[in-house]
Amino acid sequence: MPAWPKSIFLFGINLLAAAAELNLLQRKGTAALQGRIFKRLIGRLAKAQHWRDAGIEKGMDYETFR
């Protein structure tokens, strides 16, 4: 197996990073997606006694959580 120069690997990594950044910039509705994920996470956390003791309740909004 030939040894590839480090610059080849870095070029590939930079291409992947640029593609990921472009993908994130083009997505629409990311705030809504974050809201859905937050609600699901709060629902799961509220099942554990530790988090209930910390004040986490199912259905709480972000401002209350913060």
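Reading the values: rules and limits
Within each chain, residue numbers correspond to sequence positions counted from 1 in written order. Local features in this predicted model are restricted to residues whose pLDDT is 70 or higher, and side-chain atom pairs enter the listing and the counts only when it is 80 or higher, whereas totals over whole chains, interfaces and linings include all residues. Values reported for side chains reflect all heavy atoms of the structure, with hydrogen atoms and water molecules removed beforehand. The salt bridge criterion pairs a side-chain nitrogen of Lys or Arg with a carboxyl oxygen of Asp or Glu, the two atoms within 4 Å. To sort residues, take the accessible area from a 1.4 Å probe on protein chains only and compare it with the maximum for the residue type: under 20% means buried, over 50% means exposed, and anything in between is partly exposed. Looking at any residue, its pLDDT shows the predictor's confidence there, from 0 to 100. Numbered from the N terminus, helices here are DSSP runs of H or I no shorter than four residues, and strands are runs of E no shorter than two.

Brief notes about the pattern of salt bridges
In step 1: Summed over the entire model, instances satisfying the criterion amount to 1 salt bridge.
In step 2: Residue Arg66 is joined to Glu63 by a salt bridge in which the shortest nitrogen-to-oxygen separation is 3.7 Å.
In step 3: Residue class for Arg66 comes out exposed when judged on its relative accessible area of 68%.
In step 4: A residue is classified by how much of its surface remains accessible, and Glu63, at 51% relative accessible area, is exposed.

Examining the confidence of the model for the protein
In step 1: When the pLDDT values of the protein are averaged, the result is 83; 94% of them are 70 or greater.
In step 2: Model confidence for the protein, summarised as mean pLDDT per element, is weakest for helix 1 (residues 6-26) at 81 and strongest for helix 3 (residues 49-53) at 92.

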